[in-house]
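Chains, contacts and geometry: an overview
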Amino acid sequence: DGTFTYALPQQDENAPDLYIPSMSLLTYVLLCALCYGNAGKFDPEVLPEITSKCVVTQILEVIAIRVGFYLMEAPVAILDLISYTGYKYLGLSVNMLSGLTVGHFLGYGHRSYYFTYLWTATAVSYFILKVMANCIPRRTSAVGPKRQFMVLGFAGSQFATCWFVSQTSFLE
């Protein structure tokens, strides 16, 4: 049949929400500001600059994924996509916290950041791979792109977007 029915969030523990992605974005922005402050380069304009870069990147990413769903003629809720793609900020917060902590105590902030980046970006990509594989019906449009390629593309895009929104210039 290929149709999905969703339970209310009170009955479905796996229902997507925007709480964790939004709080992770806020945490990431504040950790970036702390990084700028530790380097003596903090300016209040840093906060909206980082926030707008993250939000615009995520909107473009959601639009690209939504176009992919449209080409496959598969339904998807926009807020679900925003929620799923927003989980990357949790990994970015872990990366920044690792870079700040190790950089402060040992002086290897960049190395620590990129080491945890590989781990968190892989985890976020795997998460998107599994979520998108469950969101896209097995049968899609015969003339559109293949489901497997789109799912892999969506998952691979997480590495690029995590890299693009990274703020590592002032890590020790």
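Residues numbered from 1 in each chain as written. Predicted model: local features only at pLDDT ≥ 70, side-chain atom pairs only at ≥ 80, totals over all residues. Heavy atoms only, no water.

**Overview of the packing of helix H5 (residues 109–135) against helix H6 (residues 147–164)**
Close contact between H5 and H6 brings their axes to 8 Å; oriented N to C, the two are set at 150 degrees. In this view, H5 runs roughly antiparallel relative to H6, as classed from their interaxial angle. As for the relative orientation of H5 and H6, their crossing is right-handed in sense. Between H5 and H6, the contacting residues are Tyr114, Tyr117, Ala121, Thr122, Val124, Ser125, Ile128, Leu129, Met132 and Ala133 on the first element and Arg147, Val151, Leu152, Phe154, Ala155, Gln158, Phe159, Cys162 and Trp163 on the second. (Axes fitted to C-alpha atoms, helices over the stretch in contact; angles between N-to-C directions. Helix = DSSP H or I, 4+ residues; strand = E, 2+ residues; numbered from the N terminus. Parallel < 35°, antiparallel > 145°, perpendicular 65-115°, else oblique. Left-handed = near helix turned anticlockwise from the far one by under 90°. Contact = heavy atoms within 4.5 Å.)

**Brief notes about the environment of threonine 51**
Its place among the elements puts threonine 51 in helix H2 (residues 46–71). Note: C-alpha distance between threonine 51 and tyrosine 28 (23 residues apart in sequence) is 9.0 Å.

**Some remarks on the pattern of salt bridges**
Under the defined criterion, the tally for this structure stands at one salt bridge. A salt bridge links lysine 88 to glutamate 61; its shortest N-O distance comes to 2.7 Å. Pair noted here: lysine 88 is in helix H4 (residues 88–105) and glutamate 61 is in helix H2, with a separation of 27 residues, a long-range link. We note that lysine 88, like glutamate 61, is buried. (Salt bridge = Lys/Arg side-chain N within 4 Å of Asp/Glu carboxyl O. Buried < 20%, exposed > 50% of the residue type's maximum accessible area, 1.4 Å probe, protein only.)

**With respect to the packing of aromatic side chains**
Tallied over the entire structure, the rule returns seven aromatic pairs. When the centroid spacing of 6.2 Å and the interplanar angle of 70 degrees are considered together, the rings of tyrosine 84 and phenylalanine 127 count as edge-to-face. One end of the pair, tyrosine 84, is in helix H3 (residues 78–86); the other, phenylalanine 127, is in helix H5, and 43 residues separate them in sequence. Residue classification places phenylalanine 127 among the partly exposed residues on the basis of a relative accessible area of 30%. Seen from their ring centres, tyrosine 87 and phenylalanine 127 are 5.3 Å apart, and the 70 degrees between their planes marks the pair as edge-to-face. Here phenylalanine 127 lies in helix H5 and tyrosine 87 lies in the loop between H3 and H4, a separation of 40 residues in the sequence. (Phe/Tyr/Trp six-rings, centres within 6.5 Å; stacked < 30°, edge-to-face > 60°.)

**Observations regarding a nonpolar patch on the surface**
A cluster of nonpolar side chains, namely Tyr19, Ile20, Met23, Leu26, Leu30, Leu90, Val94 and Trp119, defines an oily patch on the protein surface of about 810 Å² accessible area. When residues of the nonpolar patch are traced back to their parent elements, those giving at least two are helix H1 (19–38) and H4. What makes tryptophan 119 exposed here is its relative accessible area of 60%. (Patch = residues over 30% accessible without salt bridge, like charges linked within 9 Å, V, L, I, M, F, W, Y side chains within 5 Å. Areas by Shrake-Rupley, 256 points an atom, 1.4 Å probe, with all protein chains shown as cover.)

**Thoughts on the nonpolar core**
The biggest cluster of nonpolar side chains holds 20 residues, and the ones touching the most others in it are Tyr28, Ile50, Cys54, Leu92, Met96 and Tyr113. Taken together, the elements giving at least two residues each to this core come down to H1, H2, H4 and H5. When residues in this core are grouped by element, the largest group, seven residues, is from H1. Those residues in contact with tyrosine 113 that sit more than four places away from it in its chain are Tyr28, Leu92, Asn95, Met96, Gly99, Ser166, Gln167, Thr168 and Leu171. (Core = buried A, V, L, I, M, F, W, Y, C linked by side-chain atoms within 4.5 Å.)

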